[in-house]
Amino acid sequence: MNIPEASAAREAFNSAPFASRARCYGLFVLLGMLGGCMLGPDYQRPELAAPMQFKQVAGWKAATPGDALERGAWWELYGDAELNALVERLHLSNQNLAAAEAQYRQARALVRGARARFYPTLSGSAGVTRAGQGGGDSTIRTADGVTVSGSGASSISKSYDLSLNAAWELDVWGKLRRGLEASRAEFEASAADLAAARLSLQSELVQNYLQLRVLDEQKRLLDATVAAYARSLRLTENQYRAGIVPKSDVTQATTQLRSTQAQAVDLEWQRAQLEHAIAVLVGVSPAELSIAERESVPQLPPIPLALPSQMLERRPDIAAAERRVMAANAQIGVAEAAWFPDLTISASGGYRGSSFADWIEVPNRFWSLGPQLALTLFDGGARRAELERSEAAYDQTVAQYRQAVLDGFREVEDYLVQLRVLEQESGIQQQALDAARESLRLIENQYRAGTLDYNSVVNVQATALNNERSNLTLLGSRLTASVQLIAALGGGWQSEQLRETDERTSKAQ
């Protein structure tokens, strides 16, 4: 039953005479019990205008759905054992991840609670009650209580009760089933939230680690440059003492050396901050983690790009947004079921007596059994307001889901074009670096031969150093963009499974 049909039925029912409504109640109950009626709309995925391929990459084929597509340890693409170990520590000790996992367990418990409502509830009670009435002077005491009689007499009595009660709400209109559907969808959304948090933290750690390694490479470059400038300073001082060059050449060489040393020192706090961030991500204080310098930078991995349809299935944040649409859709059914009567079958039995000695005996036994229909006849518009709220909440989650999909496409397009442009820029920058190195070699030879002044050498050395550092900065940007693209695509992948997907798609076409 969809929303318009349910609304029309509800209006017709409210305008009918009382006798007709009573007959309808009986008919509704019978039909509901026989047919398992469930109010509210069944879930349908919101329509999306998804492109068949990304604008920045041509020649892709449409993919078939692959919900079981393995992400794998995508950070291993960078081939760094120390990075792999840090990510494993993150999985075990990161506190934000622990909080997300606890929230996931809460959602799982809520599903069990919603499922438990389908079963009868059984409760027991035992108690003793002492009551009195009236007033007077004369009393007669008994073994079980005190009875007072006579003019103006009062009476005090005791009552012993032992009972067992059972109640079972029949899900005639699907309220419990819709509630369970909503809880399951929220649970799946919470699982996707956990996966999204894990992916985000993995991405942050890998980016920090790669940037740290790029800083190490820059530090080695500056240290080597400082050593070369120190040799140039010694050469210039020897030439000055020999009267070959003026004092200004020595001051220029000294200025260049000290300036480069300052740049090398400046990298230390940047590296320390990245190391501290990695420490917090793996769940330890900054004082407890030290990452030694290394003479290599992880290489940029080849990235087999996924298709839009695969991205929608793999990205956990988009999956979470869709699950919340499902939960909001189910809550509409719960709100609609409030307009119809609840049917409960209850039973109770036990013993009730005034004497403890013969309390649990057949004459003191009691029992009751019967169904009960309960319906709110007037609530001042509360149910209608709740239904409108549920429908508006559904519209909100649909808009959020569509926005999440659009943001996902935008992020992938951004990182695709960034990687493509950075690759082109890196090629041009490498050519500029090669030219700067050759120019520096020629200028230094000419200076040693005494055909050029030191000012020309300083300018070429500064140009060469800037090109070296620009080349490393581009490498760091490409590594960061590659991590961001992997995260935007929902994590890692298994190449074999992607190949199988392409083969199935080719056969289908």
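Values in this document were obtained by computation on a predicted structure and should not be read as measured data. (Residues numbered from 1 in each chain as written. Predicted model: local features only at pLDDT ≥ 70, side-chain atom pairs only at ≥ 80, totals over all residues. Heavy atoms only, no water.)

Draft legend 1. Summary view of the overall build of the chain. The helix and strand inventory of the chain stands at eleven helices and six strands. Burial analysis of the chain (509 residues in total) assigns 38% to the buried set. Nonlocal contacts in the chain, meaning residues at least 24 apart in sequence, comprise 82% of its contacts between residues at least 6 apart. By element, 54% of the accessible surface of the chain is carried by carbon and sulfur atoms, the whole surface being about 27,700 Å². (Helix = DSSP H or I, 4+ residues; strand = E, 2+ residues; numbered from the N terminus. Buried < 20%, exposed > 50% of the residue type's maximum accessible area, 1.4 Å probe, protein only. Contact = heavy atoms within 4.5 Å. Areas by Shrake-Rupley, 256 points an atom, 1.4 Å probe, with all protein chains shown as cover.)

Draft legend 2. The nonpolar core, seen in detail. In terms of nonpolar packing, the biggest core is built from 56 residues, with Trp74, Tyr78, Leu205 and Val206 touching the most fellow members. Put simply, the parts of the chain that give this core at least two residues each are helix H3 (81-93), helix H4 (95-116), helix H5 (175-241), helix H6 (247-281), helix H9 (382-448) and helix H10 (454-488). Ranked by the residues each element gives to this core, the list is headed by H5, at 16 residues. (Core = buried A, V, L, I, M, F, W, Y, C linked by side-chain atoms within 4.5 Å.)

Draft legend 3. Main features of the environment of Phe187. You can see Phe187 is positioned in helix H5. Each C-alpha atom of the pair Phe187 and Tyr104 lies 6.9 Å from the other, and the pair is 83 residues apart in sequence. Each residue touching Phe187, except ones within four places of it in the same chain, is listed here: Tyr104, Ala107, Arg108 and Val111.

Draft legend 4. Seen up close, the packing of aromatic side chains. Under the criterion given, the structure shown has six aromatic pairs. For the ring pair Trp74 and Trp75, a centre distance of 5.9 Å and an interplane angle of 75° mean the geometry is edge-to-face. Across the pair, exposure class does not vary: Trp74 and Trp75 are buried alike. For the pair Trp173 and Phe340, a centre-to-centre distance of 5.0 Å together with 35° between the ring planes defines the contact as tilted. Of this pair, Trp173 sits in the loop between strand E4 (154-170) and H5 while Phe340 sits in the loop between helix H8 (316-337) and strand E5 (342-353), and the two are 167 residues apart along the sequence. Take Trp173 and Phe340: they sit in the same class, and that class is buried. One residue, Arg352, lies across the ring of Phe366, its end atom 4.2 Å from the ring centre. Against the face of Trp339 rests Arg383, its NZ or CZ located 4.7 Å from the ring centre. (Phe/Tyr/Trp six-rings, centres within 6.5 Å; stacked < 30°, edge-to-face > 60°. Lys NZ or Arg CZ within 6 Å of the ring centre and 35° of its normal.)

Draft legend 5. Fine view of H4. Taking 1.5 Å of rise per residue, 22 residues should cover 32 Å, and H4 covers 32 Å from first to last C-alpha, within 8% of that figure. In the core, the buried residues of H4 are packed alongside H3 and H5. The backbone nitrogen of Asn96 lies 3.0 Å from a side-chain oxygen of the residue at the head of H4, namely Asn94. (Expected span 1.5 Å × (residues − 1). Polar contact = N/O pair within 3.5 Å; in protein donor to acceptor, adjacent residues only side chain to side chain.)

Draft legend 6. Local environment of a positive patch on the surface. On the surface, a cluster of positive charge is made up of Arg108, Arg112, Arg115 and Arg184. Among the elements that take part in the positive patch, H4 stands out by supplying three residues, more than any other. Looking at where Arg115 falls in the secondary structure, it is placed in helix H4. (Patch = residues over 30% accessible without salt bridge, like charges linked within 9 Å, V, L, I, M, F, W, Y side chains within 5 Å. Salt bridge = Lys/Arg side-chain N within 4 Å of Asp/Glu carboxyl O. Lys, Arg positive; Asp, Glu negative; His and termini not counted. Charge placed at Lys NZ, Arg CZ, Asp CG, Glu CD.)

Draft legend 7. Representation of the pattern of salt bridges within the structure. Counted under the stated rule, the structure contains 24 salt bridges. For Arg324, the salt bridge goes to Asp193, with nearest N and O atoms at 2.4 Å. One end of the pair, Arg324, is in helix H8; the other, Asp193, is in helix H5, and 131 residues separate them in sequence. Looking at Arg324, the relative accessible area reads 30%, which means it is partly exposed.

Draft legend 8. Region of the structure containing the confidence of the model for the chain. Of the residues in the chain, 78% have a pLDDT of 70 or more, and the chain-wide mean is 81. Helix H2 (residues 18-35) is the least confidently modelled element of the chain, averaging 46 in pLDDT, while H3 averages 94, the highest of any element. Overall, residues 1-10 carries pLDDT values under 50, and its contacts beyond four positions in sequence, including any with other chains, amount to twelve contacts. A low-confidence stretch, residues 27-35 (pLDDT under 50), is modelled with 14 contacts involving residues beyond four sequence positions or located in other chains. (pLDDT = per-residue confidence, 0-100.)

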